[in-house]
Each structure stands twice: as structure tokens, then as C-alpha cells.
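Residue-level listing of the chains:
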Amino acid sequence: MSDAAAQLALVAGFAVAALAIARAGGLPLGGAVGRAAARATVQLLVVGALLAVLTDRPWLVAGFFVVMWATATTTASGRIGVAGLWPAAAAAIAVPSAVASAALLGSGAVPVSALSAVATTGILVGGAMSAASLTGRALVRELAQGRERIEARLLLGDSLREASAEAVRHAVTSGVVPALDQARTVGLIALPGTFVGLVLGGASPAVAARVQLLVLVGLIAVELAAGLVAAHAIVRRLTVPGAERLAPLASSRTD
Amino acid sequence: MTAPAAPALELDRVSIDVSGRPLLRDLSLAVTAGEIVALTAPSGRGKTTLLRAIVRLGDPSGGAVRIGGAPHDVGPATALRRRACLVAQRPVLFGPTVADDLAAGARGALSAEAARRLLVELGLPAAFAGKASDELSGGETARVAVARALAAEPVVLLLDEPSAALDHAATSHLAGALRARASGGLAILVVTHDDHLLAQTGARVVELPPTGSVGA
């Protein structure tokens, strides 16, 4: 049996184990586990094959970026669930991740190659997507639950941006918690992907640690920016034009 | 001879629908400077929705709302809400202290002495200024919310069941404060079921019909 076949067999074994655990625990996750495992298998096989031929095909690198950003934007907008948010989500994810990628690659901190550009940008796009999604969901929840408090501020003549500032702060903070946790626990609980990848690729642990540090702290900045842009875009989308109030999110009172 | 001044608040054939259901039809009503008008009606008739529509937290389905003769939907809603202040039925205080809440009403420009005067005006001890807003009772919260709205120095004060959490004595004090403010030129529209508040303020009572017109 080849290495690849053995690894795929092990993947199937883990997936079956996860399905069995879900069933034994009475968890309605069988379908989700199966679909996630199958989707990840297909996606990673395709990505692995594409990355192998990436270096001499620049147009393929550009296509990779477009697919990454489009997928991340669609995923984040869908998770947040506010209509018409796609353009703002695209900006929230693309701009901070592109700036940070350019800084990492342009400074020479990360080797300049098609492969490292895709890998580095992928990490940053993933972080921005996660932060935008978490921030957006938290903000929609905060706006719905804190509606009376926000309206109390509006009644004193505050703009919706001013009245929702507290909700935005809470949401952005909660959106960046995973990145902060990862930075706090790095090396103590788990070795992150960049570090592992570089060491497996032959880099010294010291070099791998320095690059990982750059990526981790860069991620915090990217996620903060993505969360803030997404949060303000959500407030704008949920503002009734010209009336400086929140659009209905749930039920409305009649008397 | 000069033209008479426009009413501080004027509702001109205002209709209110909620989810396609008509609540109010063609309500016409004027509140002049220095006047207290009380709106009464059974629950579900749209009184709260009407007050919210006046300050553009909702939209009337028809008719016109004018503040000082100017349509309420021309210009920024933030400016409208500083001229026409609504105290909600369940007011929310921000804190951390009562003084901070009063300063929020005045948008930051309120002296300590002015804050104490507002509290005393509403029958609360001046020392309340330093009290934590989240430690107040329902009745105290209601009175601080009215004081906070007064700190904004509006031309129209809209009150939604302001005495719901007040005892008899506190209601009398509130009524006295409203009478004093009205005599100073403030126009007040109050939604209430409280006969004691009605009697103590001497408000002109307008009962909302299911449909039809109420004369000014």
C-alpha cells in the first residue's frame, strides 16, 4: 500500500470513528461530520495537486487568491446573515489580509514564492473570515438584545453609529478572542501550522518560530481590522436610510 | 398683525399601520407651547407607536408630523430628537452614575448644580447625582429618565406612561414638575392611563378613537 493510500485509509478511519462517536453520543451530527470530511478530502486533494504546478503558472496563483477571497467572503456573509453585506465583507477580508501579506512577503520575512504567497495569504484570509464572521454574528445578537439601550441613546439625539458603539466594541472584542488565545497559548498547548510546516519543510526551529511570530501578530492586526470594518458595515446596512434608527431585526412592539 | 405661531407639535391626519394592520386613522392634533395634552386609549390602539413615529423611530403610514411648523422628516433625525424628546415606557439608564446620565441628556454640557436642580425638580434628593444608575428603583429610574430628557432642553416633551412605576406622592411631584415646565413654554404630550396624573397636571385629555379625527 502506498503512503497516500495508507493516509487516505486513515482519514476514512478517523471519519468513521467520528461518526460512531456522534451516534453513540446521540448527537445529530452524522451528516455534518460525513460532509465535512468528504469536502475537506476533495478540497485538499485538489489544492495539493494545484499547488504542485503553481510555481510556473502565475495566472493560477491569481486565480487562487480570487477563489480564496470569494469563498471567504461568501462564507462570512452567509454566517452573519445580513442581506447585502457581500461587498463590505469582501473589503473587510481582502484589504487587511492583502496589506499584511504584502508586508510579510515584501519585507522578505517570508520567502517570496508562489507557494509561500498562497500559504501566507490563505492563513490571513482565513483569520479575517473568522473574525468578520464571529464579529458579525455577535454584533447582530448584541443589536437585537440591546435594542432598548440603543434606542435610549437615539432618543437623546445620538447617531446610530454613536448609539451602537458599545455593541460594536463588544462584538469586535469577541471576534478577535480566538486570535488572542492562539497568540497567548502558542507553543504551550499546540504548535501552529506555519511553524510545523516550516520545520517539516526543513527550516530550523528558530527560523520557524520567528516566522510564526510574525504571522500570529499579523493575524491579530488583520482580524481586528476585518472585525471593525465588518461591524461598521453591518451598522450601516441595518440603518434605516435618513431615519437614524435600526431596521427591524426581530419583533416590533405595537403599543 | 403677525401670523400666529405654529404649534410646537402638530399631527395632521396621521395614520399608523403595524404589519399591515391599521391602528390609527387620520389623527389630527396640535400641542401648543406651554400646553400639556394627555392621550388615552385602551391598550393596542397605537399610542406608543405614535410617539415613536413622531421622533422617527417608526414611520406613520400617512399624514404629516410637524415640530414648530417644520416637517419632522426634513433634516437629521438626531436634531429632531434633541428638539422633541421621548421618554420611553421602560426607560434605560446608561450610568455609571445618575450625573453621567443627566450629562448624556445635555450632551455633556451640564453643570453639577444644574444636575442637582433637575433631580430636586423631579422630587429626588440632590445627592442622587452621585448614585449608581443601576442601583435605582423603577420609580427612581423613571424620574431620572424624565430629568435626563429635560436636561436636553427640548421644545416638545413626549412621555409614555411616565407614572407607571411611581407611587401617589411621586406622581404628584412629577405632575408639579411638568406643570412648571409647561408654564415655562414646554409643550408636553403624555400617554397615560393614570387618573391621578391627569388630574394633577390639568392636561387636556384626548381619547384616541379607533379611526376618525380628533380636533385640535
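What you see is a predicted model, and the numbers here were worked out from it, not measured in a lab. Along every chain, residues carry numbers that run from 1 in the direction the sequence is written. Here every chain gets a letter starting at A, and every ligand a number starting at 1, in the order they are written. Restriction of local features to residues with pLDDT of at least 70 applies here, the model being predicted, together with a cutoff of 80 or more for giving and counting side-chain atom pairs; totals for whole chains, interfaces and linings are based on all residues. Heavy atoms throughout the structure, all of them, feed into the side-chain values; hydrogens and water do not.

**A short note on the interface of chain B and chain A**
To be explicit about the condition: Throughout, a residue-residue contact means that at least one pair of heavy atoms, one from each residue, lies within 4.5 Å. Buried area, as used here, totals the accessible surface that two parts lose on assembly, with accessibility defined by a 1.4 Å probe and the loss added over both. A carboxyl oxygen of Asp or Glu within 4 Å of a side-chain nitrogen of Lys or Arg is what we treat as a salt bridge. Here a polar contact is taken to be a pair of N or O atoms separated by no more than 3.5 Å, where protein atoms must pair a possible hydrogen donor with a possible acceptor and residues adjacent in sequence count only if both atoms sit in side chains. Secondary structure elements are taken from DSSP: a helix is a run of H or I of four residues or more, a strand is a run of E of two residues or more, and numbering for both begins at the N terminus. Each residue is assigned to one class: nonpolar for Ala, Val, Leu, Ile, Met, Phe, Trp, Tyr, Cys and Pro, charged for Asp, Glu, Lys and Arg, and polar for all the others, Gly among them.
Opposite the 31 residues of chain B that make contact, chain A presents 19 residues. Buried surface at the junction of chain B and chain A, both sides included, amounts to about 2,300 Å², of which 48% is carbon and sulfur. In this structure, the connection of chain B to chain A is made through five salt bridges. Where B:Arg90 meets A:Glu148, a salt bridge forms, and the shortest distance between an N and an O atom there is 2.9 Å. For the interface between chain B and chain A, the tally reads 13 residue pairs in polar contact (both at pLDDT 80 or more). Listing elements by their share of the side of chain B that touches chain A, those giving two or more residues are strand E2 (21-31), helix H1 (47-54), helix H2 (77-83), strand E6 (84-87) and helix H3 (98-105) of chain B. Class assignment for the residues of the side of chain B that touches chain A results in 12 nonpolar, eight polar and 11 charged.

**Here we look at the sheet that holds strand E7 (residues 156-160) of chain B**
Sheet strands line up and pair through hydrogen bonds in the backbone, either parallel or antiparallel. Residues and elements named next belong to chain B. Worth spelling out the cut-off: DSSP bridges decide pairing: two strands pair if at least two such bridges lie between them. Here an axis means a line fitted to C-alpha atoms, over the contact stretch when the element is a helix, while the angle between two N-to-C directions is reported on a 0 to 180 degree scale.
Here we have five strands laid out as an open sheet, ordered E6-E7-E8-E3-E9, and parallel in their pairing. Looking along the sheet, the strands with just one partner apiece sit at the ends: E6 and strand E9 (204-207). Averaged over neighbouring strand pairs, the angle between their axes works out to 20° when direction is ignored. Across four bridges, the pairing between E6 and E7 is parallel. Of the residues in E7, the one forming a bridge with Val87 is Leu159. The sheet strands contacting helix H5 (residues 138-151) are E6 and E7, and the helix crosses E6 at an angle near 170°. Set on the sheet, helix H6 (residues 168-183) makes contact with strand E3 (36-40), E7 and strand E8 (187-191); between it and E3 the angle comes to about 130°.

**Concerning the pattern of salt bridges**
Keep this limit in mind: Classification of residues uses two cut-offs on accessible area relative to the type maximum, computed with a 1.4 Å probe and protein chains only: under 20% is buried, over 50% is exposed, and between them is partly exposed.
In the structure shown here, the tally under the stated rule is 17 salt bridges over all chains. Here A:Glu162 and B:Arg107 are joined by a salt bridge, their closest N and O atoms 3.7 Å apart. In this pair, A:Glu162 sits in helix H7 (residues 160-163) while B:Arg107 sits in the loop between H3 and helix H4 (112-121), so the two residues belong to two different chains. Judged by its relative accessible area of 36%, B:Arg107 is partly exposed. Close ionic contact of B:Arg116 with B:Glu113 constitutes a salt bridge, the shortest N to O distance being 3.3 Å. Of this pair, B:Arg116 and B:Glu113 both sit in helix H4, three residues apart, roughly one helical turn. One connected set of salt bridges, linked through shared partners, spans A:Arg147, A:Glu151 and B:Arg52.

**A closer look at the confidence of the model for chain A**
Quick reminder of the rule: One confidence number per residue, pLDDT, is output by the predictor and ranges from 0 to 100.
Of the residues in chain A, 96% have a pLDDT of 70 or more, and the chain-wide mean is 88. Confidence scores differ between elements of chain A, with helix H9 (residues 193-200) of chain A showing the lowest mean pLDDT of 80 and helix H6 (residues 147-154) of chain A the highest of 95.

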